[in-house]
Amino acid sequence: MTSVSTEPRDTDGPTPATPPTGGSAAQRERRRRILDATIALAAEGGFDAVQMRAVAEHAEVALGTLYRYFPSKIHLLVSALAREFTKDVERSAVRATPGDTAHERIMYVLNRRTRALQKQPKLTEALVRAFMFADQSVTGEIHEVGTSLTTVIARAMHGTPTLGEVTEEEAAIIRIISDVWLSALISWVTGRMDAEDVEKSIDVAVRLLLR
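All values derive from a computational prediction rather than experimental measurement.

S.K.: Looking at this model, I keep getting lost on the pattern of salt bridges. Mind explaining?
M.R.: Proximity of charged atoms lets side chains of opposite charge pair with each other. Evaluation of the coordinates by the stated rule reveals 11 salt bridges. Arg129 serves as the salt-bridge partner of Glu125, at 2.9 Å between the closest nitrogen and oxygen. Of this pair, Glu125 and Arg129 both sit in helix α6 (residues 121–133), 4 residues apart, which is roughly one turn of that helix. A salt bridge links Asp203 to Arg207, with the nearest nitrogen and oxygen atoms 3.0 Å apart. With Asp203 and Arg207 both in helix α9 (residues 195–209), this residue pair falls 4 residues apart, about one helical turn.

Listed below in structure tokens is the structure:
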């Protein structure tokens, strides 16, 4: 499936290793604690509150261990965002999205995620800022976010938890919807849109694209 157009900007320098997502049960539990600590700190104090030493202390891991999993706070926050989107993917895989039309179903999933983010403005500000600051070293995490968003929208478009082949035109529509959604979310975080404006702008885009 074609992913959304969320490619990070180019930067010079070496690319850190991708943080482990598999491994033993102990490693997965450690990763979970690290991301839980990241979200807790961001929800309380926003982007600036997420410091590597503070995350390590909250997660009860050594600072060196934290750096082996996540080379920077950007990796931490984008990985946390990816985990949030994974929840949407898992939900969409077990039950069909409500709505009689593709427009209704897509708006349902986007509005649900948007409202969940808007309930935690400091956390959302941190996640969105990290996504905006992400460079080439965070390509894997950015791709995970994009793939999850693509999957959720595609399932909503088709109205089924089991996703079949996505046409080239559908993939292009999904990319544009994803970009409009992200742009609207950034506008909300930066105070250029209120919650109602965000929903309206997404609704207009989805309606026009699905004509």
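We are not done yet, so read on.
S.K.: Would you mind going over the UniProt feature "DNA-binding region" (unreviewed entry) in the chain with me for this structure?
M.R.: With numbering aligned to this structure, UniProt lists the feature "DNA-binding region" (unreviewed entry) at residues 51–70. For residues 51–70, helix accounts for 75% and strand for 0%, while the C-alpha atoms at its two ends are 12 Å apart.

S.K.: Sorry, what's going on with the packing of helix α8 (residues 168–189) against α9 here?
M.R.: Geometry of a packed helix pair, given as the angle between the helix axes and the separation of the axes. It is the contact of α8 with α9, at a shortest axis distance of 9 Å, that shows an interaxial angle of 165°. Overall, the two elements α8 and α9 adopt an arrangement that is roughly antiparallel. Along this stretch, α8 crosses α9, giving a crossing that reads as right-handed. Counting all contacts with α8, which are made through Ile173, Ile176, Ile177, Val180, Trp181, Ala184 and Trp188, the residues of α9 involved are Ala195, Val198, Ser201, Ile202, Ala205, Val206 and Leu209.

S.K.: Looking at this structure, I do not really get the packing of aromatic side chains. What am I missing?
M.R.: Given two aromatic rings, one states the distance between the centres and the angle between the planes to describe the pair. With the rule as written, the count across this model stands at 3 aromatic pairs. Seen from their ring centres, Phe47 and Phe133 are 5.8 Å apart, and the 85° between their planes marks the pair as edge-to-face. Here the residue Phe47 occupies a position in the loop between α1 (25–45) and α2 (52–59), and Phe133 occupies one in helix α6, the gap between them amounting to 86 residues. Arranged with centres 5.7 Å apart and planes meeting at 85°, the rings of Phe85 and Trp181 form a pair that is edge-to-face. Taken as a pair, Phe85 in helix α4 (residues 73–94) and Trp181 in helix α8 lie far apart in primary sequence, 96 residues in all. Grouping residues by exposure puts Phe85 and Trp181 together as buried. When the ring centre of Phe47 is taken as origin, the NZ or CZ atom of Lys73, which lies over that ring, is 4.0 Å away. The lysine or arginine in question, Arg113, covers the ring of Phe85, its NZ or CZ lying 6.0 Å from the ring centre.

S.K.: I would appreciate a short explanation of the environment of Asp197 in the present structure.
M.R.: Inspection of the secondary structure assignment puts Asp197 in helix α9. A sequence separation of 10 residues divides Asp197 from Ser187, and the C-alpha atoms of the two residues are 9.5 Å apart.

About the thresholds
- Residues numbered from 1 in each chain as written.
- Predicted model: local features only at pLDDT ≥ 70, side-chain atom pairs only at ≥ 80, totals over all residues.
- Heavy atoms only, no water.
- Salt bridge = Lys/Arg side-chain N within 4 Å of Asp/Glu carboxyl O.
- Helix = DSSP H or I, 4+ residues; strand = E, 2+ residues; numbered from the N terminus.
- UniProt positions renumbered as here; feature names shortened; annotations may be inferred.
- Axes fitted to C-alpha atoms, helices over the stretch in contact; angles between N-to-C directions.
- Parallel < 35°, antiparallel > 145°, perpendicular 65-115°, else oblique.
- Left-handed = near helix turned anticlockwise from the far one by under 90°.
- Contact = heavy atoms within 4.5 Å.
- Phe/Tyr/Trp six-rings, centres within 6.5 Å; stacked < 30°, edge-to-face > 60°.
- Buried < 20%, exposed > 50% of the residue type's maximum accessible area, 1.4 Å probe, protein only.
- Lys NZ or Arg CZ within 6 Å of the ring centre and 35° of its normal.

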